[in-house]
Amino acid sequence: MKKMSALLAASILFSGVWASMTQAAEVSVYSARKEHLIKPLFDAYTAKTGVKINYTTGKAGMLLEKLKAEGEHPAADLLITVDAGNLWHAADTGIFEPVDSKILAANIPAHLRDPENRWFGFSVRARTIIYNKNKVNPEQLSTYEDLADPKWKGKLALRTSKKVYNQSLVAAMIAEHGEEKAEEIVRGWVKNLAAAPYAKDSKALEALVAGVADVTLVNTYYYGRMMKKNPDLPLVIFWPNQETTGVHVNVSGGGLIKGAKNKEEAIKLLEWFSGIEAQGLFAGSNMEYPANPAVKPSEFVASWGDFKADPIGTAKYGEFQEAAVKLMDRARYK
Ligand code: FE
């Protein structure tokens, strides 16, 4: 009898430990970064650690609404999304819990994360000038601001101002030049448009190929995708503002959800994202730049050349987002 109860106690204890072990080894993620970009990372992490990752992908706004609705009992431990403007907005609604991690602080430069450590950038995207080499001599190019010059009249293609990427770019210009000067620049861009703003960066690039416009502003990975498919396209990258502010960069990244059920495991996953092993995958899957300066971009991305990036804090993009949206509206940038 005594032996039986000891055995029973041991098995209860064991099953309890087992249950808590299996329960802990899990992280749930909401991701606005597309499935084909994040799944390879999750698979690699699970293969390495055995930690199971449940994930839901969707639009940034939808996932944020979902988290707000879930309130104190979130179904996700982490939110991954694109653009510092979106990360800032998520932080502003109060869904993130700050993470004080020595590993994250060491791996991710300060300008690529929230000053209060509520979110961290894990890959960097450069929003730069692309030109048609049959139409433009690169010596004519210099800065984002210069694209407002009348010499570009009828030659500029832009993506819509409704896209957060352009809101962040204009927010950075407001932070750097003040609203008045930034508005003057945006008004100049609008005057120079070759066609109504496009719904996607890829459409703006296609306008260059079709001869509708000569020059545009896009994230480099859209350029990379097109050039990979057709290396003979007459499109070339130009790095603007090399003598002034530097190339406008943004991040995709994430943070810990307040009230996360698997907080410890979730922080470990964030830390792993920032490390040498994951950084190549995080950036490489989308032809972006690693946020961790110790990791080099892929050979293909590196072939576009080195550039000086704008060191402005990406958190500023959220701070000035509302002003940027209003400014673009006043300037009739659709
Ligand atoms: Fe994109």
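Higher on the page you've got the structure.
Residues numbered from 1 in each chain as written. Predicted model: local features only at pLDDT ≥ 70, side-chain atom pairs only at ≥ 80, totals over all residues. Heavy atoms only, no water.

A. How the structure looks around the packing of aromatic side chains. Taken as a whole and assessed by the stated rule, the structure comprises 12 aromatic pairs. Ring plane angle 50° and centroid distance 5.4 Å describe the contact between Phe42 and Tyr55, whose orientation is recorded as tilted. One end of the pair, Phe42, is in helix α2 (residues 35–49); the other, Tyr55, is in strand β2 (residues 52–57), and 13 residues separate them in sequence. A centroid spacing of 5.4 Å and a plane angle of 70° characterise the contact between Phe300 and Trp304, whose relative ring orientation is edge-to-face. For Phe300, a relative accessible area of 25% puts it in the partly exposed group. Residue Trp304 is classed as buried on the basis of its relative accessible area, which comes to 12%. Here a set of aromatic residues connected by ring pairs shows up, and it is made of Phe42, Tyr45, Tyr55, Phe122, Trp272, Phe273 and Phe282. (Phe/Tyr/Trp six-rings, centres within 6.5 Å; stacked < 30°, edge-to-face > 60°. Helix = DSSP H or I, 4+ residues; strand = E, 2+ residues; numbered from the N terminus. Buried < 20%, exposed > 50% of the residue type's maximum accessible area, 1.4 Å probe, protein only.)

B. Looking closely at the packing of helix α8 (residues 201–209) against helix α9 (residues 220–229). Packing of α8 against α9 brings their axes to within 9 Å, and their N-to-C directions diverge by 55°. Judged on the interaxial angle alone, α9 and α8 are oblique. Note on packing geometry: the crossing formed by α8 with α9 is right-handed. Touching Asp201, Ser202, Leu205, Glu206 and Val209 of α8 are Tyr222, Tyr223 and Met226, all from α9. (Axes fitted to C-alpha atoms, helices over the stretch in contact; angles between N-to-C directions. Parallel < 35°, antiparallel > 145°, perpendicular 65-115°, else oblique. Left-handed = near helix turned anticlockwise from the far one by under 90°. Contact = heavy atoms within 4.5 Å.)

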